[in-house]
Amino acid sequence: MSPALSVNGLTVTLGRHQAAPKVIDDLSFDVGPGEILGMVGESGAGKSLTGQAILGLLDPPLHMAGGRIEVAGERIDGLSETAMRSWRGRRIGAVFQDPMTSLNPLLTIGRQLTETIRTHLPMNAASARERAIRLLSEVGVPAPEERMGAYPHMLSGGMRQRVVLALAFACDPMLVIADEPTTALDVSIQAQIVGLLRRMCRERGASVMLITHDMGVIAECADRVAVLYGGRLAEIGPADTLLREPAHPYTQGLMASIPDMRRRVDMLPQIPGSMPRVGGAPSGCAFHPRCSRATARCRAERPDLVGHGSCLAACWMPGDPSGFRPEATHAG
Amino acid sequence: MQDDVLLAVNNLTVRFDVSAPALKRLITRSPRRFVHAVEDVSFTVPRRSVFALVGESGCGKSTLARAVVGVERPTSGHVSLAGRRVSGFTTRAAERTWRSDVQMIFQDPQSSLNPRWRVGRSVAEPLRTHRMVAGRAEAVERVGALLEAVGLSSEDARRFPHQFSGGQRQRIAIARALSTRPALVVCDEPTSALDVSVQAQILNLMRRLQREFGLTYLLITHNFAVVAHMADHVGVMYLGRLVEQGPADVLLADPKHPYTRLLLDTVPDPARRGRAREPMKGEAPSPINPPVGCAFQQRCPLATARCAHERPVLRSAGRTAVACHAFEERRLPPWRTSIQPDLQSAEGSR
């Protein structure tokens, strides 16, 4: 069975000319059938752009300069806007951060749901309505039949995000791209939405690419995690291993900088500096100016992803920071 | 230290009138309507400590913060800073002294800095307003020192906000807040818009500045991890009222209000992977017509008939105070013991 999503060598540039700065640089990853891939990184790492590139929603001057995107074995990059439109909504669903931007404020939620269903599936009005009501009750909207006539502004933020989830799953997509679906919500509502996303994914056998900067959300529902830094993969691997024993110093720094509720420390470990700006990527490993383990090799040569246990990390010296001695340079 | 109270909030109530216009009210015979943003809240903050107000959006924590800095007029009750009442100043000078004593940092530094002003001008603005500098040269010098104190360079004063990252902009906002040498800094979700790595930098900066300048923080947040890291005292708000308050170590180790417990349970935690969070059911009721009885009853697993008609009051429960019938009636199950925050051990190091 081919993966639900396969991204190969994705490169996105800012502008179309030859020397245009790369925002996403040779990014490759798969999302398996029924799998939840969490994609994390700081703002500007390129995680949302990856999602937009897959959905074919890159706005100029952003330009997909290279790579292949396949959904269930079918290539979808380079498709015409019309062809892409039938993919979005039908086989690829999308959930964005702010539910108010995904919903049309002038149409009732029932209309939006039935319209989506009838655009993509051969159904008459009555059965589309039935399906919409069933979807609403599945995502936990109380009194779904009455809510069909409600406008988005009449619903709370959490309810709106539930409706957006219903829309994303309306036509049984094989892949759902969820870009910061819980960031705008309160923690108690956030837990509801994360649980719902995981349940919908499991019950309907859809794969999810979950883009977020919240490690807690990732820990809770991702099967695998991809860590992005400066438009490239820093590390990718099973969530269990990657969160417990991150191999890349950037992932280690990210995990360490989260305040721990069980252990109060005076000062939090922090990664110094900030991510390079677009076009301002340093030579060698993009992370080397902020890395405490950087050596001459890191400054000169860019590391590729190499296996480290069950993870892949783009680092010349992946692994446990405590076992590292600055004098001992790489063996290979 | 116990006696040295910097900020005292006494029975503070803030309501907003959202009634229809008088004539329409008369015709439709509808009553006046009020948003009960803050209802009868009292707490004190000792000098050089951190008081965290926690709650979900709409619980009134930001309104409370605005009342503390004097932007919002209390409907009843009052706020006092170092024994002086906020509001009702008799002279401009008295008001000005108070204003320079309280500063605020907001969630989004993008919107709290003027995009058309050079950073130096923004940072110097409070100094000029409060006439704390004699001339231009002194202002430039002070601004440079402030920017260096927050980890930027004095040359950055000549740049514009858009030339900085989100974390750096928050540093600029902090520099501006510190310019008047305030005693109290009210921080409204200071790190919510930032990435975790940047959040760690800002939290560390806030702690260092607290020591250097002897600051007191009123920290408004919904992030319990930040609370556990920063706060000495915690107040949990629900629908305008404090439902639990007390020292951070005690409250987080043994929360007694069902709402606090559910909030703590919903905190996503990378260290507890694969745990099924018990999502809190339902949503907070409207503050326009708050329910009779306990505001949390609809979402509470322990609610009884008494909770539906009698509002619990904040009562002492050991070192904390809690407003809950279930606790008073000893119906509260013991709090999970396996993952208790180990806060006491680190307390000595502070």
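Throughout, residues of each chain are indexed from 1 in the direction in which the sequence is written. Note on labels: chains are lettered from A, ligands numbered from 1, in written order. Given that the model is predicted, a residue must reach a pLDDT of at least 70 before its local features are reported, and side-chain atom pairs must reach 80 or more before they are shown or counted; all residues, however, enter totals for whole chains, interfaces and linings. Excluding hydrogens and water, the side-chain values take into account all heavy atoms of the structure.

## A look at the sheet that holds strand β12 (residues 320–322) of chain B
All names here are of chain B.
Consideration 1: For two strands to be treated as a pair, DSSP must find at least two bridges joining them. Secondary structure elements follow DSSP: runs of H or I no shorter than four residues count as helices, runs of E no shorter than two count as strands, and numbering proceeds from the N terminus. Strand order in this open sheet of eight strands is β6-β7-β8-β3-β9-β10-β12-β11, and the pairing throughout is mixed. Two strands lie at the open edges of the sheet, namely β6 (102–105) and β11 (315–317), each paired on one side alone. Looking at each pair of strands side by side, their axes are set apart by 20 degrees on average, direction ignored.
Consideration 2: Here five bridges tie strand β7 (residues 184–188) to strand β8 (residues 216–221), and the two strands are oriented parallel to one another. Counted as the bridge partner of Val 185 is Tyr 217 from β8.
Consideration 3: The strands touched by helix α3 (residues 92–101) within the sheet are β6 and β7, with β6 carrying the most contacts at an inclination of about 40 degrees.
Consideration 4: Any pair of residues with heavy atoms lying within 4.5 Å of one another is described as a contacting pair. Between the N-to-C directions of two axes lies an angle of 0 to 180 degrees, each axis being a line fitted to C-alpha atoms and, for a helix, fitted only over the stretch in contact. Against the sheet, helix α7 (residues 166–178) contacts β6 and β7, and its axis sits at roughly 175 degrees relative to β6.

## Some details on the nonpolar core
Inside soluble globular proteins, nonpolar side chains tend to come together where they are buried.
Residue and element names in this part refer to chain B.
Consideration 1: In this text, buried Ala, Val, Leu, Ile, Met, Phe, Trp, Tyr and Cys residues form a nonpolar core when linked through side-chain atoms within 4.5 Å. Burial classification: accessible surface area is computed with a 1.4 Å probe over protein chains only, and a residue below 20% of its type maximum counts as buried, one above 50% as exposed, and the rest as partly exposed. Grouped together as the largest cluster of nonpolar side chains are 69 residues, with contacts concentrated most on Ile 174, Met 206 and Phe 224.
Consideration 2: When residues in this core are grouped by element, the largest group, seven residues, is from helix α8 (residues 196–213).
Consideration 3: As annotated, the domain borders come from an automatic or database domain assignment. Counting only domains with at least three residues in this core, you end up with domain 1 (47–66 + 184–346) and domain 2 (91–182).
Consideration 4: The residues contacting Met 206, other than those within four sequence positions of it, are Ile 174, Cys 187, Pro 190, Tyr 217, Leu 219 and Met 230.

## Examining the state of the cysteines
Consideration 1: Here, the term disulfide refers to a pair of cysteine sulfur atoms separated by no more than 2.5 Å. One pass over the full model with this rule turns up zero disulfides over all chains.
Consideration 2: Unpaired in terms of disulfides, Cys 201 of chain A finds its nearest cysteine sulfur in Cys 221 of chain A, a separation of 8.6 Å.
Consideration 3: Cys 294 of chain B takes part in no disulfide bond, and the closest cysteine sulfur to it belongs to Cys 307 of chain B, at a distance of 6.0 Å.

## Points about the interface of chain A and chain B
Consideration 1: Tallying the contact residues gives 47 residues for chain A and 55 residues for chain B.
Consideration 2: A simple way to read buried area is as the amount of 1.4 Å-probe accessible surface that goes missing from two parts once joined, with both sides added. For the pair chain A and chain B, the summed buried area comes to about 4,100 Å², and 50% of that belongs to carbon and sulfur atoms.
Consideration 3: When the buried surface of chain A facing chain B is broken down by residue, Met 261, Arg 262 and Arg 264 of chain A rank first, second and third, together holding 24% of it.
Consideration 4: A carboxyl oxygen of Asp or Glu within 4 Å of a side-chain nitrogen of Lys or Arg is what we treat as a salt bridge. Linking chain A with chain B are one salt bridge, by the criterion used here.
Consideration 5: One salt bridge in this structure joins Arg 211 of chain B and Asp 266 of chain A, with 2.5 Å as the shortest N-O distance.
Consideration 6: Throughout this description, a polar contact denotes any pair of N or O atoms lying within 3.5 Å of each other; where both atoms belong to protein, one of them has to be capable of donating a hydrogen while the other can accept it, and for residues adjacent in sequence the pair is counted only when both atoms sit in side chains. Seen at the junction of chain A and chain B, the total is 14 residue pairs in polar contact (both at pLDDT 80 or more).
Consideration 7: Where the side of chain A that touches chain B is concerned, the elements lending two or more residues are α7 (157–168), α8 (187–204), α9 (215–221), α10 (239–244) and α11 (249–256) of chain A.

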